[in-house]
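Chains, contacts and geometry: an overview
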Amino acid sequence: MTRRRTALALALGTTLGLAIAGANPSAAADPVRIGDINSYTRMAAFTEPYRMGMELALAEINEAGGAGGRMLELVSRDDAGEPGEAVKIAEEMITRDRVALLSGGFFSNVGLALASLAEQRGVLYLAGEPLADSLVWEDGNRHTFRLRPSTWMQAAMLAREAAASGARRWATIAPNYAYGKDAVAAFKAVLSELQPEVEFVAEQWPALFKIDAGAEVQALAAARPDAIYNVTFGTDMAKFAREGEDRGLFEDRLVLGLLGGEPEYIEPLGEDAPIDWLVTGYPWSKIDTAAHAAFRDAYIEKFDDHPRAGSLVGYNVIKAIGALLEKTGGDTATDGMIEAMEDLTFETPVGPVTFRAIDHQSTMGAYVGYTALEEGRPTMRDWYYADGADYLPDDEAVRARRPAE
Amino acid sequence: MGLFVVQFLTGLSGAASLFLVASGLTLIFGVTRIVNFAHGSFYMLGAYLALSLIEALPVPRGTWGGAPFWAAMAAAALGVGLIGVLVETIVLKPIYKAPELFQLLATFGVILVVQDAALWTWGAEDRLGPRAPGLRGSIEVMGQRMPVYDLLLIAVCPVVLAGLLLLFRTTRWGILVRAATADRQMVAALGVDQRWLFTSVFFLGSCLAGLGGALQLPKGGADLAMDFGIVADMFVVTVIGGMGSIVGAFLAALLIGELRAFGVLFFPESTLILTFLIMAVVLVLRPQGLLGRAEPADAPGHDAEPVRPADRTWRIAVSVLLAALLALPMIADPFVLVLAIDVLVMALFAASLHAIMGPGGMVSFGHAAFFGGGAYAAALAVVHLGAPMTAALPAGVVGAALLAAVIGFFCVRLRGVYFAMLTLAFAQIAWSIVFQWTEVTGGDDGLLGIWPAAWAADRTRYYYLTLALVTAGIAFLRFAVFTPFGRGLRAGRDSPVRAEAIGIDVARRQWAAFVLAGAVAGLAGGLYVFAKGSVFPDEMAIPRSFDGLMMVLLGGVNTLSGPWVGAGVFTSLQDWLSRMPFWRLTLGCSIIALVILFPQGIAGFVRQRAHRHRDRGS
Amino acid sequence: MSLLEVAGLRKAFGGVVAVDDLSFALDAGRMLAMIGPNGAGKSTCFAMLGGQLRPDRGSVRLDGRAVTGWPARRIWRAGVGRTFQVTRTFGSMSVFDNVQTVVLSHRRRLRSLLRSARGLYREEVEALLETVGIADQQARVCAVLAYGDLKRVELAMALAARPRLLLMDEPTAGMAPAERGALMRLIEGICRERALGVLFTEHDMDIVFEHADEIMVLARGRAIAHGTPAEVRADPQVQAVYLGEA
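Residues numbered from 1 in each chain as written. Chains lettered and ligands numbered in written order. Predicted model: local features only at pLDDT ≥ 70, side-chain atom pairs only at ≥ 80, totals over all residues. Heavy atoms only, no water.

Some thoughts on the overall build of chain C
Threshold: Note on conventions: DSSP H or I runs of at least 4 residues are helices, E runs of at least 2 residues are strands, and numbering of each starts at the N terminus. C-alpha atoms define the radius of gyration in this analysis, and the globule rule sets the expected value at 2.2 Å times the number of residues to the power 0.38. Only protein chains enter the accessibility calculation, which uses a 1.4 Å probe. A residue is then buried if its area is under 20% of the maximum for its type, exposed if over 50%, and partly exposed in between. Working rule for contacts: check all heavy atoms of both residues, and any pair within 4.5 Å makes them a contact. To measure how exposed things are, a 1.4 Å probe is used in the Shrake-Rupley method; for residues, cover is taken only from the protein chains shown. Positive charges are assigned to Lys and Arg, negative charges to Asp and Glu, while His and the chain termini are left out of the count. By convention, the point assigned to a charge is CZ for Arg, NZ for Lys, CD for Glu and CG for Asp.
Along its length, chain C carries nine helices and 10 strands. Its C-alpha radius of gyration of 18 Å places chain C within 12% of the 18 Å reference for a compact globule of 246 residues. By its C-alpha atoms, chain C is 60 × 40 × 35 Å across when sized along the principal axes. Looking at chain C as a whole, 56% of its 246 residues are labelled buried. Residue pairs in contact within chain C that sit at least 24 positions apart in sequence constitute 65% of those at least 6 positions apart. On chain C, roughly 10300 Å² of surface is accessible, and the fraction owed to carbon and sulfur atoms is 49%. Looking at chain C, you have 32 positive and 28 negative side-chain charges, and the mean spots of the two groups are 10 Å apart.

Okay, structure coming up:
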C-alpha cells in the first residue's frame, strides 16, 4: 500500500499547499500599502540604494503622521529581473496584499510588463527607474506614471551641450538593446535638429555586458571622430574607459557619457574613472541646496552610506506617493488617484517636480557636467541642474507618440 | 593595415580567457562526462578571489613590488581549484551513479549557491580590476597603440596549452586522463581509482577557470554577472573545438576571438548572433566539432527504464489531484489561481521537453526556443494581425512547430551532448533575432497588452481554460508514448542500430517528435503570454531552457509523471523561497539536496519505492 | 539467379582493408556458414550486407536487384533480417514489445499516434516467441535477460518481418551446448520450410559442419575457400590458416 499512500500524499500535499497558501488573505488594513517590485538580486548595486531611499522617505512621512491621515506600508519583492516574474508578483500584491498601487521596476522590460498589467487590472503604477521612452509614449497608458527622467530627456540634455561644442564628426557606442538604441536615436534627433551639419561616422553596438572593449575602441578610433557619444554602463563602461585610455581613443576628443556621472556608474571605477567626460549624473556631495543637504544628511545618518542616483529616485517615488495621498485625503480609489496624480507637484531634494498630465512623465531632471577626480574620488565639475520640463518635446510631438485614451 | 594587425592581436588577447575557461570545461567533460554548468561560477570566483588577495597582500618596495599581484593570481587559481574539489566531493561524488546528465541539475544548484555566496561576500557593486604592475600603458604597433597587458594575454594561451600537453604526454596522470577521455571503461579495467582521477581533474579544470577569471582582472574586473556572462561563450568554444579536446578548445578560442574582433569592425550589430551562428555552422558541417570524437552510434543518452501504464493507485492519485485542481477556484484566493496557472504552464512546458528527453533520448538545452517561439507567434498574431485569442493560441502552436521543424532538421543528425549544444546554439540564434528585430518583435521592450478574450478574461475562467488545455496536452504526450509512434521513438533511443535494422528511420522519427514537442511547448508559451499580458525575449533565453531541464530532471526523466511533478515542485519552491533574502542560496541548496536524495528524480523515487515494496510482496 | 549475389565487395578503414574482393552467392533454402579467425572481416561483411556500413566497392544483389549501399531500413524492407554479434535489442522494452515493434514496422503501422500499441498483433507475436522458445519470458524487460535469451529475442525479431534472407552473426554465442544444437536445428528447420537463405557465422565448428550446406572461409578479409563442408575440411590452406589453430 505504500505506493498508494505516497501517491495520495503527493496529490494531497500539493492541494493542501495551495490551500494553505490561500488561507491567509490579508484584510485591508488601515495603512496604505505600496507594492514595490524591483530587481534586488539581479541589479543589487543599483536597486539597494533605491530601496534605502524609499525607506528614508517612508520613515519621514510616517514619523510626521502619515500622508492624508494614513500611514504608509511598503511591501517589497524581488523580480529577479524577469518580466514574467514581476507580473506574477504584481498579481499577488493586487489580490492578496491588497496594495493601493504598484511602484518600482528597474529594467525597462519589467516596467513595460507592469504597465501593461496595471492597465489591465485597473491599478495605478508609478515606475521609478525604468528609462524607456515608450513607457509613457508609444506604450503609455492611463494607469502608468514615470518618475525618472527618461532616455530621451537625458540624451537631450547631453545633445544640447554637445551642439555648443562645435564637434562635427560623431561616433556612437551603445549596448545592443532597446535602451542603447533609444539613447542613440534620441541623441541623433536632438543634435541634428540643433546642428544640422553634424555627421555620424561610426556606430558600435556591443552586446550588453559582453563588450570586446579593445576591438570596439580600435574600430571607433579608425573612424576618426571629433567626439564620441557613449551609452555603455556598468562593467562595459569600465572596460571601455580603460581600453580607450590605454589605446589613446579619448585624446583630444570630446566624450559624452549618458548617465556616466551617476555614482552607481562612476564610483566603482575609483581612480580609473575617466575624467572630462560630459555626462548626466548626480554629484551628491556638491549639491548644497537646503532641501538636498537635508536629504543627504538624513540619508548618511540613517544608513552610514552616501546617496546614489537610485536613492534619490526611490526617495522621490515615496514622496510622490505621499503627496498624492495628501491630495486625495488618504483615499486610494484608483481613478481618484490618477486624477490627483495628473499635474501633481511635490517638493523633492532637487526641487519641485510635476507629473505632466499629457504623458504622465515627471519633470524630475538630472545634473549635467563634466567628470572629475577629486581626492581620488570620481565626481562632477561645472555641473548644473537640468530641469526635466525643459527637455521634453513639445506637446504636439508627445501627442503624436502617445496613443489617445 | 596597422588597424588590421592590431585588431588581429586584440582578437588573440581576447581569446586568452576564453581558452582558459573552455580548456578546464573540456577537460572535466572529457574525463567525467559531466557538463559542468557551474564552470562559469569558478571563473567568477577566480576574479573575486584574486581581487581580494591583491588587496590583502602587502606590497613590498622596489623591484619585487609586482610579486604580490602575480602571487595573488596564482593563489586565486589554486583556491578555485580547491573549491572545485569541494564541489566535486560534496555535490557530485554522491551522484556519479545517477543517470548521465543528471549531474547537470546539481551544477545548476551550485550556480545559484555561488551567486548568493559571492553577493554576500563581496557585495553588489561591480569591482574594477587593478592594473598589472609593470604592464601598464601601451606600445606602438604599426602606428596603433596596443596595451602591454594584451601582449601578456596573447602569450598565455600557447604557454598554458604547451604546459597541458606536456602534462598529458609525460606524466602517468596525464596519460590516464587521456585514456579516460578516450574510453572510460578502459581506465576502470586498468584498475585505476576513478574517484581520485575525477577529483584531480576537477581540481585542474577549476584552476584553469579560476586563472581565466583572475587574468582578465586588469582588462575588466569582478562582478556578479560574470558567471552567466561566460557560460554561453565557454560552451561555444568547447563545442566548436570538440568536447574533450584541449587543442580543439585552443583553436576554437582563437577562432572566436578573431571573429569577434573583426565582427566589430565589419558588422558592429552582429555581436549578439555571430558566435552562435558560427557554432551552428560548425556543428552542422562537422557534428563532433573541430577535433572532437564522434559519439558512438549506439549510445543512449541515459539508462532508459521501461514505461509503464498507470496502475490503479496512480490513477486514483491523479484523479484526486485533478479534482482538487478543479475545485481550486472555490477554495483558494485569486492569487493561488495566478500561481496555479504558472505551475500548469510550466508543467506543460516541462512535459514537452520530457517528450524528447525521455522517450526520445534527446537532451535539449534550447527548448525555450519553442516556448518563446509559441509565445511570440501568438503575440505577433494579436499585435500585427489583430487575431483573437482563439486564433492566436493555435498560431502559437503552429509557429513553434514550424520553428521546431527548422531547428530539428539540423539537430536530429547529432547525438548526445552535441545535439544538446546545437539546440542551444539555435535557441540563441532565435533569441537574437527576436531581440534585435525591433520593428516586428519590439526587441527587448517586448510586445505588450496581449490579454485574453473577454469571455476568458476573468481569472477563474482563464484558469479553467489553462487547466483544460494543459491537462489535454500532458495527457496527449503521455498517450503518445504508448502509441506505435512512441514505440518507434523509444526503439530509436534504446538502440538506433537495431531500430534502423527493422525499418525505422530514426532521425526522421526524432524529427517528428521534436516538432510535436515544439508544438506543445508553443501551446504552453501561448498560454503564458495571455496570462502575463506581455512577452519578452527572456522567454526564449537560456535561463528558461534551464528551468525546463531542472523541472524534468527534478521530477525524474525516466518517469512519465516526472515533468509535471518536477514543474510543480520547482515552481512552488521558487515562488515560496523568492520571498526571502538570499533565496538563490536556499533554492540552490534545496536543488542539491533533492539531487542527492532522489537521484532518479522525485517521481522516480516514488515509483522505485512503490515497486520495491510490491516486489517484496506486500 | 541466386537469392543473394555478392561480387567484388571491399571495405577499408583508414589503411586497413577489412574485406577485400569478396564474391559469393547464396540460394534460397540453403545455409551458408562464414568462418574465419577474429578480425577476418565477418562482421564487416555482415554490416555491408545489412546496410550498417557502405561498401567501398563491389555489389550486393538480392533476387537480382542491386541493393548496394542502401540504408539498413531499406534493405530490411527488401527482405533481409539480421541478428548482431553483440545483441541489439530495445533494452527498456519487454520481450513481447521488442518483437511486436518489428511486426508493427513490418505492417507499416509504426507511425500511428491514434491508438495504443498495446495488444496489437498479439497472436502473431506470441507465435514468434513460441517458435524461438521464449514465450514464457515475454513480459520481462530485455535489459535483465540472460545473453542466450537475448539471442533468441533477436532471432524472433529477425523472423518477425518474414525475411527471405537471414543474416546471423554468431547466433548461439552465450548458450549452453545443448541449447545451441536445439536452436540451430530450429533455424535449419525454418530455413528449409520457408525456403530462407541463411548466412551465419559461428565459432563452434561442430555446429558449422553439422548445419551448413556450404562453408566459406575468410582470412584477412578474403575468401580463401568456399565449398561443401567436406571440401572445406579437406582444403589444405584452410587447415593451415584456420582449422589448424583450433
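Read on, since the account is not over.
Points about the domain arrangement of chain A
Residues and elements named next belong to chain A. The cut-off we apply is this: How far each domain reaches was decided by an automatic or database domain assignment. Once two parts are joined, some of their accessible surface, as seen by a 1.4 Å probe, is lost; buried area is that loss totalled over both. In protein, a polar contact requires one atom able to donate a hydrogen and another able to accept it; more generally it is a pair of N or O atoms within 3.5 Å, and residues adjacent in sequence count only if both atoms are side-chain atoms.
Segmenting chain A into domains produces domain 1 (32-150 + 288-365) and domain 2 (152-283 + 367-391). For domain 1 versus domain 2, the distance between C-alpha centres works out to 28 Å. Both faces combined, the contact of domain 1 with domain 2 buries some 1900 Å², and carbon together with sulfur accounts for 59% of it. Broken down residue by residue, the surface that domain 1 buries against domain 2 is led by Phe46, Ser150 and Gly365, which jointly contribute 24%. Inspection of the domain 1/domain 2 interface yields 12 residue pairs in polar contact (both at pLDDT 80 or more). When contributions to the side of domain 1 that touches domain 2 are tallied by element, the ones reaching two or more residues are helix 2 (44-63), helix 10 (290-303) and helix 11 (309-328).

Describing the interface of chain B and chain A
What counts is decided by this rule: Here a salt bridge means any side-chain nitrogen of Lys or Arg lying within 4 Å of a carboxyl oxygen belonging to Asp or Glu. Amino acids outside the nonpolar list (Ala, Val, Leu, Ile, Met, Phe, Trp, Tyr, Cys, Pro) and the charged list (Asp, Glu, Lys, Arg) are all regarded as polar, and Gly is one of them.
Listed by partner, the interface residues are 79 residues for chain B and 75 residues for chain A. Counting the surface lost from both chain B and chain A, the interface buries some 7000 Å², and carbon and sulfur atoms represent 57% of this. Between chain B and chain A we count 10 salt bridges in total. The tally of links between chain B and chain A comes to 21 residue pairs in polar contact (both at pLDDT 80 or more). Of the residues belonging to the side of chain B that touches chain A, the class tally is 38 nonpolar, 17 polar and 24 charged.

Quick notes on helix 15 (residues 389-411) of chain B
Residues and elements named next belong to chain B. Short version of the rule: A helix is expected to span 1.5 Å multiplied by its residue count minus one.
Helix length check: helix 15 (23 residues) gives 32 Å between terminal C-alpha atoms against 33 Å at 1.5 Å per residue, within 8%. Of all the residues in helix 15, the buried ones are Met389, Ala392, Leu393, Gly396, Ala400, Ala401, Ala404, Ile407, Gly408 and Cys411. Buried positions along helix 15 lie against helix 14 (368-385), helix 16 (416-436), helix 18 (454-457), helix 19 (459-482) and helix 22 (506-532).

Examining the arrangement of the chains
Contacts are most numerous between chains A and B, taken over all two pairs of chains that touch. A gap remains between chain A and chain C, with no contact made and the closest C-alpha atoms lying 21 Å from each other.

Quick notes on a nonpolar patch on the surface
This is how it is decided: Like-charged residues within 9 Å of one another, or nonpolar side chains (Val, Leu, Ile, Met, Phe, Trp, Tyr) within 5 Å, are grouped into patches, provided each residue has over 30% relative accessible area and no salt bridge.
On the surface, a cluster of nonpolar side chains totalling about 340 Å² of accessible area is made up of Phe4(B), Phe266(B) and Phe267(B). As for its position among the elements, Phe266(B) is in helix 10 (residues 246-266).

Remarks on helix 25 (residues 583-597) of chain B
For helix 25 of chain B, spanning 15 residues, the distance from its first C-alpha to its last is 21 Å, which sits close to the expected 21 Å at 1.5 Å a residue. All of the buried residues in helix 25 of chain B are Trp583(B), Arg584(B), Leu587(B), Gly588(B), Ser590(B), Ile591(B), Ile592(B), Leu594(B) and Val595(B).

Some points on the sheet that holds strand 3 (residues 101-104) of chain A
All names here are of chain A. Threshold: For two strands to pair, DSSP has to find at least two bridges joining them. Every angle, taken between N-to-C directions, lies between 0 and 180 degrees, and every axis is a line fitted to C-alpha atoms, over only the stretch in contact when it is a helix.
If you walk across this open sheet you meet the five strands as 2-1-3-4-5, and the pairing is parallel. For this open sheet the edge positions go to strand 2 (72-78) and strand 5 (144-146), each flanked by a neighbour on one side alone. With direction set aside, neighbouring strand axes in the sheet form an average angle of 25°. Pairing geometry for strand 1 (residues 32-38) and strand 2, over seven bridges, is parallel. When the sheet's bridge partners are listed, Ile34 is paired in strand 2 with Leu74.

Some thoughts on the interface of chain B and chain C
At the junction of the two partners, chain B supplies 30 residues and chain C supplies 34 residues. Summed over both partners, the interface of chain B with chain C buries about 2600 Å², with 61% contributed by carbon and sulfur atoms. The largest share of the area that chain B buries against chain C comes from Pro484(B), Arg487(B) and Arg498(B), three residues that together contribute 30% of it. Inspection of the region where chain B meets chain C yields four salt bridges. Across the pair Asp505(B) and Arg73(C) runs a salt bridge whose closest N-O atoms are separated by 3.1 Å.

Side note on the pattern of salt bridges
Using the criterion set out here, one finds 59 salt bridges over all chains in the structure. The partner of Glu88(B) in a salt bridge is Lys93(B), and the shortest N-O contact between them spans 3.8 Å. Since its relative accessible area comes to 0%, Glu88(B) is described here as buried. Judged by its relative accessible area of 18%, Lys93(B) is buried. Arg579(B) serves as the salt-bridge partner of Asp575(B), at 2.8 Å between the closest nitrogen and oxygen. Looking at Asp575(B), the relative accessible area reads 5%, which means it is buried. Among the ionic contacts, a cluster of salt bridges with common partners joins Arg77(A), Glu85(A), Lys88(A), Glu92(A), Arg96(A), Asp333(B), Asp575(B) and Arg579(B).

Topic: a negative patch on the surface
Residues and elements named next belong to chain A. On the surface, a cluster of negative charge is contributed by Glu193, Asp394, Asp395 and Glu396. On the secondary structure map, Asp394 appears in the loop between strand 14 (377-386) and helix 13 (395-401). You can call Asp394 exposed: its relative accessible area is 51%.

A look at the sheet that holds strand 10 (residues 222-227) of chain C
Residues and elements named next belong to chain C. Spatially, 6-7-8-3-9-10 is the arrangement adopted by the six strands of the open sheet, whose pairing is mixed. Across the chains shown, the open sheet's two edge strands, defined by having one partner strand only, are strand 6 (80-83) and strand 10. The average angle at which neighbouring strand axes cross in this sheet is 15°, direction not considered. Relative to strand 10, strand 9 (residues 214-219) runs antiparallel, the two sharing five bridges. Bridged to Leu218 within strand 10 is Ala223. Strands in contact with helix 6 (residues 177-194) are strand 3 (31-35), strand 7 (165-169) and strand 8 (197-201); relative to strand 3, the strand with the most contacts, it is inclined by about 135°.

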